[in-house]
Amino acid sequence: MNARPEPKLKVLVFGASLRADSLNGRLAALAARVAEESGATVDHASMRDFDVPSYDGDAESAEGLPKGAKELRRRLVESDAFIISSPEYNGSMPGMLKNLIDWTSRFRPQPFDGKHGLLLSASPSLVGGNRGLWALRMPLEHLGARIYPDMFSLAQAHKALVDGAIADAALQTRFEKNIEAFLSLAEAAKNYPCIKRAWVEFLGEPPDSEADRV
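Residues numbered from 1 in each chain as written. Predicted model: local features only at pLDDT ≥ 70, side-chain atom pairs only at ≥ 80, totals over all residues. Heavy atoms only, no water.

A. Representation of the packing of aromatic side chains in the model. Using the criterion set out here, one finds 5 aromatic pairs in the structure. Aromatic pair Phe14 and Phe50: ring centres 5.3 Å apart, planes at 70 degrees, arrangement edge-to-face. Here Phe50 lies in the loop between strand 2 (41–46) and helix 2 (57–63) and Phe14 lies in strand 1 (residues 10–15), a separation of 36 residues in the sequence. With respect to class, Phe14 is no different from Phe50; both count as buried. (Phe/Tyr/Trp six-rings, centres within 6.5 Å; stacked < 30°, edge-to-face > 60°. Helix = DSSP H or I, 4+ residues; strand = E, 2+ residues; numbered from the N terminus. Buried < 20%, exposed > 50% of the residue type's maximum accessible area, 1.4 Å probe, protein only.)

Pasting the structure below:
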């Protein structure tokens, strides 16, 4: 009797920049390609798919949650894991990405909770946007996402990214191994729940009508 093949891992991938030829859009495209070559089914999105206004609790009460947040929620729910390639703005994450996370966190059940995530960055700077990734980890882990410990930051990305790949062969190999290791962890969590370990985060007070807030 032949065993049924295990379902493919589905991964949402997007660059957190609006510029058409952004470095992080290019790094996200490379991550999507590597993930597909590793056997995953990839949902390659654009930040423009998730356009939302500035968070406003009055607007939420009057009009509900915006289309862009609903779209991110839908694609998170349909995926087993996510990969975000985010630029660094003034030593932190882009405001539009944090705003999107704030809106999307308002759904119940909360769609980031329990999702495995990998954070990437590409920057012309010598630190590769790494400071922005540390800032980005905080709200995602607060919301229960299981962010992979080994983040990848590509320094001097305007020179390092050539023809859809990383020009330095050793760095390209490290990037691929990082993606593959993340996918292996996410696949284990999907297909082998008996080996899951608890990820414990201090999330503050439980949400209720008085304490629940962005």
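B. Fine view of helix 5 (residues 130–142). An ideal rise of 1.5 Å per residue puts 18 Å on 13 residues; helix 5 measures up with 19 Å between its terminal C-alpha atoms. When we look at burial in helix 5, the residues that qualify are Gly132, Leu133, Ala135, Leu136, Arg137, Pro139, Leu140 and Glu141. Contact partners of the buried residues in helix 5: strand 3 (81–85), helix 4 (95–104), strand 4 (116–122), strand 5 (146–147) and strand 6 (152–154). Just past helix 5, the residue Gly144 takes up positive phi, approximately 95 degrees. (Expected span 1.5 Å × (residues − 1). Contact = heavy atoms within 4.5 Å.)

C. Spotlight on the pattern of salt bridges. One pass over the full model with this rule turns up 13 salt bridges. Of the charged contacts, one joins Glu78 and Lys10 as a salt bridge, the two residues approaching to 4.0 Å between their closest N and O atoms. Placement of Glu78 in the loop between helix 3 (67–77) and strand 3 and of Lys10 in strand 1 is noted, with a sequence separation of 68 residues between them. When its relative accessible area of 40% is taken as the criterion, Glu78 is described as partly exposed. On the accessibility criterion, Lys10 (26% relative accessible area) is partly exposed. The closest approach of N and O atoms between Arg75 and Glu71, which form a salt bridge, is 3.2 Å. Of this pair, Arg75 and Glu71 both sit in helix 3, separated by 4 residues, roughly a single helical turn. Each of Lys10, Asp43, Asp49, Glu71, Arg74, Arg75 and Glu78 takes part in a single network of salt bridges with overlapping partners. (Salt bridge = Lys/Arg side-chain N within 4 Å of Asp/Glu carboxyl O.)

D. Just the pairing of strand 1, in detail. Of all the 6 residues making up strand 1, 5 are buried; the element is thus mostly covered by neighbouring parts of the structure. In this structure, strand 1 lies alongside strand 2, joined through 6 bridges in parallel fashion. Paired with Val13 across the two strands is His44, which belongs to strand 2. Once the chain exits strand 1 it traverses helix 1 (residues 23–37) before rejoining the sheet at strand 2, and the crossover so formed is right-handed. Two strands pair when backbone bridges link them, and strand 1 and strand 3 are joined in this way by 5 bridges, in the parallel orientation. Bridging from a neighbouring strand, Val13 pairs with Ile83 of strand 3. (Pairing = 2+ DSSP bridges. Right-handed = clockwise from strand over helix to strand, strands pointing away.)

E. Structural context of the nonpolar core. Formed by 30 residues in total, the largest nonpolar core has its most connected members in Ile83, Leu154, Phe175 and Ile179. Contributing elements (two or more residues each) for this core: strand 1, helix 1, strand 3, strand 4, strand 6, helix 6 (157–160) and helix 7 (169–191). Looking at which element gives the most residues to this core, the answer is helix 1, with 8 residues. Excluding residues within four positions of it along the chain, Ile179 makes contact with Ala31, Val34, Ala35, Ile83 and Leu118. The next biggest cluster of nonpolar side chains, apart from the first, holds 29 residues, and it includes Leu12, Phe14, Met47 and Leu76. (Core = buried A, V, L, I, M, F, W, Y, C linked by side-chain atoms within 4.5 Å.)

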